[in-house]
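# Summary of the model geometry
Now for the letters of each chain:
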Amino acid sequence: MTETTAFWALHAPEVLDRLGTRCDGLSSAEAAARLTSAGANTVTEDRAATAWHLLLRQLESPLVLILVFGSLVSIVLREWIDASIILSIVIGSALLGFWQEHRASEALARLRRRLSLVVEARRDGDWRPVPAADVVPGDIVRLSAGNLVPADAILVEARDFLVTEAALTGESFPVEKVPGIVAADAELARRTNMVFLGTSVRSGTATAVVVETGPRTVFGAIASRLAEDDPETDFARGLRQFGIMLSRVMIVMALFVLTVNVMADRPAIDSLLFAVALAVGLSPELLPAIVSVTLSEGARQLADRGVIVRRLEAIENLGAMDILCTDKTGTLTRGDVELAAACDPGGQSSDVVMRLAVLNARLETGIANPLDSAIVAAGEAAGVATDDAAKLDEIPYDFIRKRLTIAVAADGAAALLVTKGAVPNVIACCSTVTDERGAEPISDTVRAAIDRFCETKAREGHRVLAVATRKLSDRRSITRDDECEMTLRGFLLFRDPPKEGIVETVAALERLGIAIKIVSGDNRHTAAHIGDAIGLDPSRMLTGDDIARMRDEALWHAAERTDVFAEIDPQQKERIVRALQKRGHAVGYMGDGINDAPSLMAADVGISVDQAVDVARESADVVLLRPDLDVLRIGVIDGRRTFANTLKYIKITVSANFGNMLSMAAATVALPFLPLAAKQILLNNFLSDFPSLAISTDDVDREELETAQRWSIADVRRFMVVFGLVSSAFDLVTFYLLHAVFHAGEALFQSAWFVVSLLTELVVVLILRTRLPAWESRPSPYLLWSTVVVGGVALVLPYLGRLSGIFGLVPIPGHILAAMLGVVAGYAVATEIAKRYVGIRS
């Protein structure tokens with residue numbers, strides 16, 4: 001096998017021979033050997049390099065590199081202690097960030113492994129589930145509707161097999177795939193006998209032999225380009241804009257300070273290091289680690305509650321969601337579908353219709369679904385025997401025909417075509433209807449009677465399917481053209497009542513500011529029944545026909561006012577999501593079917609369930625381990641808590657640092673010496689970040705959990721300026737006391753200011769972490785005690801003799817220390833007052 005082998009130009013037996021495999025698959029030993037030689041069936045390699053990548057990322061900041069350069073210059077000038085201190089703090093910060101990010105990435109990897117894709121492959125002659133990552137060239141795999149294609153493969157058998165290849169070819173419509181051969185020079189879109197990694201099965205079934213895996217697949221070859229095209233989330237965009245804003249402030253401040261120091265004839269190296277340290281002090285250099293830790297801790301807590309986050313950034317969108325679009329089955333209803341009745345066209349119970357339904361459901365091999373499971377279970381309970389029936393052929397269900405047909409033959413009986421599906425779609429194939437009086441043509445009167453019957457049952461909450469048959473002249477394969485001139489035999493009534501407590505859950509979501517909208521392909525009367533049962537207004541309804549007649553602009557306004565969307569096709573689901581987004585809503589979409597994938601990808605947060613088809617689960621941002629809206633409600637609260645804590649760190653740290661750095665920049669002009677040495681700024685910043693690592697564990701005000709949270713760079717900037725200026729005001733008071741009142745020299749000034757600066761940064765964390773008065777909102781124990789410990793370190797550090805001298809600190813006289821603590825207390829009071837009356841959200 002080589003990279004240039006055109007497998008699509010070979011007949012299936014020759015492909016099997018080239019790959020050294022057979023129709024009954026590989027043995028386990030052969031598969032293990034091939035996995036070793038071919039490698040895992042994954043597109044990207046992120047094993048050993050991950051740790052090194054994370055470590056190097058801590059050092060890629062230009063400011064950090066400038067500090068390293070400055071320390072190297074200090075070494076050349078034999079300033080050993082200063083150089084060692086700066087390098088130690090830089091390395092310590094890098095290791096701290098690396099440790100936190102590495103731990104977070106490992107936790108996320110463990111969560112993602114819980115959702116690993118599984119493929120049905122033939123090993124040792126038996127069909128068995130195999131992790132997609134373990135699929136190897138030569139494996140025989142079985143595919144059906146809803147599956148993601150696990151590797152590049154050549155079809156051996158196929159039946160009504162349609163595949164969506166938009167990710168590779170850009171073709172939005174499903175493409176039919178059939179066994180055979182095509183020209184060796186056929187372009188990708190014309191290789192109709194082949195399926196590719198990254199595509200999904202729309203309908204039908206197939207058996208295929210894997211020819212390429214992992215990076216050798218077509219998808220693997222272009223994966224890097226596709227990765228670059230991933231859309232930027234609101235959260236990532238906010239962080240990027242925040243970084244740009246911060247960079248501008250840092251550049252201006254650093255250049256100003258450097259210019260002033262050079263004009264004052266201060267030592268060049270000290271001035272450079274001070275200016276750079278000032279810029280570093282302004283930047284929350286542990287932001288990547290804090291964000292990763294906070295989001296991954298949130299993801300871990302969500303996982304403990306049954307919500308798996310596939311993309312960490314989705315946590316922000318989950319918390320920001322203000323509209324949730326969902327189908328009813330399994331989320332609003334129990335999901336335990338029951339066959340309530342099998343009846344003839346007159347509405348009378350019918351054993352014949354029951355047996356026909358059981359034959360159809362038991363023999364179909366396409367999409368596994370709860371309706372067929374309910375039919376089979378009801379047949380077993382009723383003792384319906386089908387052992388004498390043999391399946392001849394099948395036309396799988398698809399979302400255009402909305403029906404499933406089986407050709408079956410019983411002992412000594414003629415072959416029979418049995419079709420079941422949506423009532424309008426089955427009746428479209430029928431020319432006659434049979435009841436106790438015999439067969440008669442389907443007239444307008446009969447159609448009207450059928451419509452009244454279906455509407456009555458739908459209003460009672462039943463889902464109605466129709467069953468039809470036609471005798472075949474011989475035992476043969478069938479095509480879609482055979483679905484004609486059929487006889488309507490009766491109806492199947494399914495019951496799936498609302499979940500217990502769903503009314504309370506929907507009301508709880510509404511109290512969180514999340515509006516529920518049912519988006520269902522079901523009959524309008526069934527959807528209205530469920531909507532009314534859970535507290536929605538069924539009169540605020542749009543059907544698929546209504547939407548088809550609307551222009552996009554009209555739908556933007558109508559969708560917002562609609563509670564129930566019924567008889568909706570897959571394309572309309574996505575259109576509804578985009579219409580709601582046009583009105584400024586953060587839209588969540590919850591689905592588990594093949595036709596939900598486009599809507600899941602379009603939504604701000606796509607939500608699926610662990611039992612969903614592959615393509616739906618892989619399209620989702622969030623996966624629920626059970627289809628329960630109450631689990632999602634808890635997930636929304638945790639998402640808001642996680643986002644609020646992330647924003648706490650950004651706002652608090654930047655505002656405190658901005659105030660301190662602004663003050664030091666101003667002091668540079670007024671003082672005959674530097675207000676702090678570069679190593680003192682870095683130590684201050686390093687120590688103040690320790691409590692910030694505990695913010696992910698902090699409690700959040702109830703008011704912040706009750707409303708959707710969105711990133712606002714303007715809010716961050718306003719917060720930084722207002723509270724930074726409050727901090728600077730007290731910094732200037734401190735400078736006045738130290739310089740004009742106490743006449744402190746350089747070492748004493750820097751020591752006292754070091755303590756005040758660090759204490760104010762710690763105090764402000766406890767005050768601005770909540771919108772409530774600080775004494776009414778208790779921080780988490782970890783946050784509280786880490787703040788207390790670092791505060792204690794700040795107070796004793798100037799008195800540690802030789803260690804203090806290394807950092808240029810000296811003991812602070814008692815009366816000066818008391819005055820400094822008074823300034824800190826005054827700053828705490830002023831910040832609390834500003835928080836309450838300025839109206840800034842924390």
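Report on the accompanying structure. Given the structure is predicted, the values throughout are model-derived calculations rather than measurements.

### Here we look at the side chain of Lys-648
Looking at the secondary structure, you find Lys-648 in helix 23 (residues 629-670). By relative accessible area, Lys-648 is classed as buried at 3%. With near-sequence residues (within four places) excluded, Lys-648 lies in contact with Thr-653, Ile-695, Asp-698, Asp-699, Val-700 and Arg-769.

### Describing the pairing of strand 7 (residues 200-212)
Burial runs high along strand 7: 13 of the 13 residues are buried. Strand direction decides the pairing type here: strand 3 (residues 140-144) and strand 7, joined by 5 bridges, are antiparallel. Across the sheet, the residue bridging to Leu-143 is Ala-206, located in strand 7. Bridge count between strand 4 (residues 152-164) and strand 7: 10 bridges; the pairing is antiparallel. Considered in strand 7, the bridge of Val-163 is made with Val-201.

### Here's the deal with empty space enclosed by the protein
A complete count under the given rule lists 2 cavities of 30 Å³ or more for this structure. Of the pockets and cavities examined, the largest cavity occupies roughly 60 Å³. Surrounding the largest cavity, Ile-652, Thr-653, Ala-656, Ser-688, Asp-689, Ser-692, Glu-761 and Val-765 form its lining. Broken down by secondary-structure element, the contributors of at least two residues to the lining of the largest cavity are helix 23, helix 24 (678-692) and helix 27 (746-768).

### Comments concerning the pattern of salt bridges
According to the stated counting rule, one finds 34 salt bridges in the structure shown. For the salt bridge of Arg-159 with Asp-393, the shortest nitrogen-to-oxygen distance reads 3.0 Å. Of this pair, Arg-159 sits in strand 4 while Asp-393 sits in strand 11 (residues 389-395), and the two are 234 residues apart along the sequence. For Arg-159, a relative accessible area of 23% translates into the label partly exposed.

### A short note on a nonpolar patch on the surface
On the surface, a cluster of nonpolar side chains totalling about 440 Å² of accessible area is made up of Leu-795, Val-796, Leu-800, Leu-803, Ile-806 and Leu-821. Going through the elements one at a time, helix 28 (781-796) and helix 29 (802-806) are the ones with two or more residues in the nonpolar patch. The residue Leu-821 is located in helix 30 (residues 814-838) in this model. Residue class for Leu-821 comes out partly exposed when judged on its relative accessible area of 38%.

### Overview of the state of the cysteines
On inspection of all chains with the given rule, the structure shows 0 disulfides. The structure places no disulfide on Cys-454, whose sulfur is separated from the nearest cysteine sulfur, that of Cys-343, by 8.9 Å. Looking at the unpaired Cys-484, the closest cysteine sulfur is the one in Cys-429, lying at 7.9 Å. Owing to a relative accessible area of 31%, Cys-484 belongs among the partly exposed residues under this scheme.

The rules behind these values
- Residues numbered from 1 in each chain as written.
- Predicted model: local features only at pLDDT ≥ 70, side-chain atom pairs only at ≥ 80, totals over all residues.
- Heavy atoms only, no water.
- Helix = DSSP H or I, 4+ residues; strand = E, 2+ residues; numbered from the N terminus.
- Buried < 20%, exposed > 50% of the residue type's maximum accessible area, 1.4 Å probe, protein only.
- Contact = heavy atoms within 4.5 Å.
- Pairing = 2+ DSSP bridges.
- 1 Å grid on protein atoms, 1.4 Å probe; cavity = no way out; pocket = protein on both sides within 12 Å on 5 of 7 lines; lining within 4 Å.
- Points joined across faces, edges and corners; volume = space filled by probe spheres on them.
- Salt bridge = Lys/Arg side-chain N within 4 Å of Asp/Glu carboxyl O.
- Patch = residues over 30% accessible without salt bridge, like charges linked within 9 Å, V, L, I, M, F, W, Y side chains within 5 Å.
- Areas by Shrake-Rupley, 256 points an atom, 1.4 Å probe, with all protein chains shown as cover.
- Disulfide = S-S within 2.5 Å.

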